[in-house]
Amino acid sequence: MTIEQEIAKRRTFGIISHPDAGKTTLTEKLLLFGGAIQQAGAVKSSKIDMHARSDWMDIEKQRGISVATSVMAFEYEGIKINLLDTPGHQDFAEDTYRTLTAVDSVVMVVDCVKGVEIQTEKLMEVCRMRSTPVIAFINKMDREGRDPYDLLDDIEGKLDINVHPLSWPIGIGKTFKGVYSLYDKSLRLFQPSKQRLYEETVKLSDIDSPDLEKFIGEKDAAKLREDVTLINELYGDLDLDDYLSGKIAPVFFGSAVNNFGVKELLDTFLKISPNPKPRNTDLREVLPTENHFSGFIFKVHANMDPKHRNRIAFLRICSGKFVRGSNYYHTRQDKKFRISQATAFMAQDKETIDEAWPGDIIGLYDTGNFKIGDTLTDGEKGTFKGIPSFSPEIFREVVNRDAMKTKQLEKGLSQLMDEGVAQLFSYEMGARKAVGVVGQLQFEVIQYRLKNEYGASADFVPIQVYKACWISAKDPKKLSEFIDSKQRHIARDKDGKLVFMAETRAWLQMVQDNFPEINFHFTSEF
Ligand code: G4P
């Protein structure tokens, strides 16, 4: 196959949702269709197996959340689907943000009872930053949820994106009878069942077909006709370019646990979702079809096996063909590495692969050479952009509790930061270090891992910091004047970039007013 054909048959996407909306259930059903798993329940049970295998994950096991982002690849109707799972728990949101940089599109699950929830709003912000195409799946239609028009308004209002329904529900909760597909004008009839793979589909000539009454009764047929007429008037035909540029989200209704509407979602997704697209490095735009290999690391997962201090770096391929055993150029280290071990993530199993193509995610065994954001190429310089760090929400100072283990603490902190578990800020004055996280739970993970993996013991003491602001100025003199005047509050991030640690919101505002020549940024990429 040519590289163009390989690219045309690939879809790399992520599912996002607020916890409990049904992401895991939907993932599982998609894997069932792909033949990647044989039975319902397999995704959850394998999650538990994974916990049992891995010591440090005890924390998440206890709390019943998924810290890890995993990749599941499967084939369906000749298309290679790379599905990137994202931690739903908000304390690990940064991990999810980074995973979203490696996908080409997103499916967003919304609970029809709860509507759009806070975590979905935050994740959608990240999608908007990158104009990622989004499809919405309104789930749990077997429950007494909100009115569908209301749900569409909720998505438009809270997520700042236009919607375009491609299916329309007939009833909801106890009266839910199925959906009418506006996309292919068919009727899909609902029967609650966890095991069934295919819903009954009735092809109609159009919405005026008398068959409608036969299947859903007079009352529902009349209501559906009214709804469909209104929807067609309101939304017209879907403009695919608007979806592909992230302006409009097609919407589907269904029930993941009953496997209803999932096949419809998957089939339409394959027809309309984007395959791997060009990406920018700091030097140029890289087309996926180029023969030159390139890719970037978006996740580093440590200690998959606690007995061996190994890490897996997740690499998203952006262009060219990956060939195991080749030497690839690490742009940050300005060095070539021979990649002799690489893993594919076919469903739950990891298997060695010899080649991979744009859109694919491969796992590279790592002994400490890779950090999040690193770029590999076949020789060209230029680093992929778009994996920013965001200012954390909670800051604490690191206090070493075991002077004999200072080296271990430093090593542990540095490696955990490479993995992106949290962000470390080293103050310019004194040897103070602050760790910033998105959620409290991350401190527990860090503390636990420092102890268990590095034998180091540290406390995390609260400090007064409201935001970490990356600073820049046109005039270098002004920047150094600012740094001199705020010395106690200046730190450096993991890449040595200058950061102003603002104590409070009001104070930050005052400093911004007093130093108009200084630019304050809330993400590391500006
Ligand atoms: P998450 O990954 O987004 O956190 O959600 P998950 O799939 O784990 O689903 C959360 C709960 O919602 C699960 O129930 C799941 O069975 C249920 N669910 C998913 N889809 C539907 C649906 O279409 N209709 C209804 N009524 N429920 C749905 P649970 O009780 O937490 O777990 P379980 O014991 O059912 O596995």
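Residues numbered from 1 in each chain as written. Predicted model: local features only at pLDDT ≥ 70, side-chain atom pairs only at ≥ 80, totals over all residues. Heavy atoms only, no water.

### What to know about the pairing of strand 7 (residues 167-170)
Stage number 1. Neither face of strand 7 is exposed, since S167 and P169 on one face and W168 and I170 on the opposite face are all buried.
Stage number 2. Here four bridges tie strand 7 to strand 8 (residues 178-181), and the two strands are oriented antiparallel to one another. Considered in strand 8, the bridge of P169 is made with V179. (Buried < 20%, exposed > 50% of the residue type's maximum accessible area, 1.4 Å probe, protein only. Helix = DSSP H or I, 4+ residues; strand = E, 2+ residues; numbered from the N terminus. Pairing = 2+ DSSP bridges.)

### Quick word on the sheet that holds strand 10 (residues 200-203)
Adjacent strands of a sheet form backbone hydrogen bonds with each other and so pair up, either parallel or antiparallel.
Stage number 1. Read from one edge to the other, the open sheet built from four strands follows the order 7-8-9-10, with strand pairing classed as antiparallel. Only two strands of the sheet have a single neighbouring strand rather than two, namely strand 7 and strand 10. Between one strand and the next, the sheet's axes are offset by a mean angle of 25°, whatever the strand orientation.
Stage number 2. Direction of pairing for strand 9 (residues 186-189) relative to strand 10: antiparallel, over a ladder of four bridges. Its bridge partner lying in strand 10, R188 is registered against T201. (Axes fitted to C-alpha atoms, helices over the stretch in contact; angles between N-to-C directions.)

### Here's the deal with the packing of helix 2 (residues 23-33) against helix 10 (residues 262-272)
Stage number 1. With their axes 10 Å apart at the nearest point, helix 2 and helix 10 run at an angle of 70° to one another. Taken together, the axes of helix 2 and helix 10 lie roughly perpendicular to each other. Here L26, K29, L30 and F33 of helix 2 lie close against helix 10, whose contacting residues are V262, K263, L265 and L266.
Stage number 2. Split into classes, the residues belonging to the contact of helix 2 with helix 10 amount to six nonpolar, no polar and two charged. (Parallel < 35°, antiparallel > 145°, perpendicular 65-115°, else oblique. Contact = heavy atoms within 4.5 Å. Nonpolar A, V, L, I, M, F, W, Y, C, P; charged D, E, K, R; others polar.)

### Description of the site of the ligand
Stage number 1. Looking at the ligand, there are 17 residues lining it, with D20, T24, T25, D142 and S255 nearest.
Stage number 2. One of the side-chain N or O atoms of N139 is found 3.1 Å from an oxygen atom in the ligand.
Stage number 3. The contact in question runs from an oxygen atom of the ligand to an N or O atom on the backbone of A256, over 3.1 Å.
Stage number 4. Look at the ligand: alone it shows 710 Å² of surface, and the protein chains cover 66% of it.
Stage number 5. Of all the elements, helix 2 adds the most residues to the shell around the ligand, at three residues.
Stage number 6. Here the shell around the ligand is built from residues that sort into four nonpolar, seven polar and six charged. (Near = heavy atom within 4 Å. Polar contact = N/O pair within 3.5 Å; in protein donor to acceptor, adjacent residues only side chain to side chain. Areas by Shrake-Rupley, 256 points an atom, 1.4 Å probe, with all protein chains shown as cover.)

### Side note on a negative patch on the surface
Stage number 1. A contiguous patch of negative charge on the surface is contributed by D475, E481, D484 and E517.
Stage number 2. With respect to the helices, strands and loops of the structure, E517 is situated in the loop between helix 14 (505-514) and strand 31 (518-521). (Patch = residues over 30% accessible without salt bridge, like charges linked within 9 Å, V, L, I, M, F, W, Y side chains within 5 Å. Salt bridge = Lys/Arg side-chain N within 4 Å of Asp/Glu carboxyl O. Lys, Arg positive; Asp, Glu negative; His and termini not counted. Charge placed at Lys NZ, Arg CZ, Asp CG, Glu CD.)

### Thoughts on the environment of E94
Stage number 1. Turning to its location among the elements, E94 is positioned in helix 5 (residues 93-100).
Stage number 2. You can call E94 buried: its relative accessible area is 7%.
Stage number 3. The sequence separation of E94 and P392 amounts to 298 residues, and the corresponding C-alpha distance is 8.9 Å.

### Here's the deal with the pattern of salt bridges
Stage number 1. If you walk through the whole model with that rule in mind, you get 30 salt bridges.
Stage number 2. Here D150 makes a salt bridge to R146, at a shortest N to O gap of 3.5 Å.
Stage number 3. Since its relative accessible area comes to 35%, D150 is described here as partly exposed.
Stage number 4. By sharing partners, the salt bridges in this structure join E6, R10, K80 and D360 into a single network.

### Considerations on the pairing of strand 2 (residues 71-76)
Stage number 1. With five of six residues buried, strand 2 is to be regarded as a mostly interior element.
Stage number 2. Bridging between strand 2 and strand 3 (residues 79-84) involves six bridges; their strand directions are antiparallel. Looking at strand 3, one finds that E75 is bridged to K80.
Stage number 3. Where strand 2 folds back onto strand 3 in an antiparallel hairpin, the turn is made up of two residues, including E77, whose phi is positive at roughly 45°.

### Focus on the confidence of the model for the chain
Stage number 1. Across the chain, pLDDT averages 87, with 89% of residues at or above 70.
Stage number 2. Model confidence for the chain, summarised as mean pLDDT per element, is weakest for helix 3 (residues 42-53) at 40 and strongest for strand 5 (residues 134-139) at 98.
Stage number 3. Note on residues 45-57: pLDDT is under 50 here. Beyond four places in sequence and across chains, it has 25 contacts. (pLDDT = per-residue confidence, 0-100.)

### Regarding the packing of aromatic side chains
Stage number 1. Counted under the stated rule, the structure contains 22 aromatic pairs.
Stage number 2. Considering the side-chain rings of F176 and F260, the 5.6 Å spacing of their centres and the 90° angle between planes classify their relative orientation as edge-to-face. A residue pair is termed long-range when its members are at least 10 positions apart, and F176 in the loop between strand 7 and strand 8 and F260 in the loop between strand 11 (248-253) and helix 10 qualify at 84 residues.
Stage number 3. On the basis of relative accessible area, F176 is assigned to the buried category, the value being 5%.
Stage number 4. The class of F260 is buried, set by a relative accessible area of 0%.
Stage number 5. Look at F395 and F425: their rings are 6.1 Å apart centre to centre, the planes differ by 50°, and that puts the pair in the tilted class. In this pair, F395 sits in strand 24 (residues 394-400) while F425 sits in strand 25 (residues 423-427), placing the two residues 30 residues apart along the sequence.
Stage number 6. Linked through ring pairs, F482, F500, W507, F515 and F520 together constitute an aromatic cluster.
Stage number 7. Residue placement shows R396 over the ring face of F443; its charged tip is 4.8 Å from the ring centre. (Phe/Tyr/Trp six-rings, centres within 6.5 Å; stacked < 30°, edge-to-face > 60°. Lys NZ or Arg CZ within 6 Å of the ring centre and 35° of its normal.)

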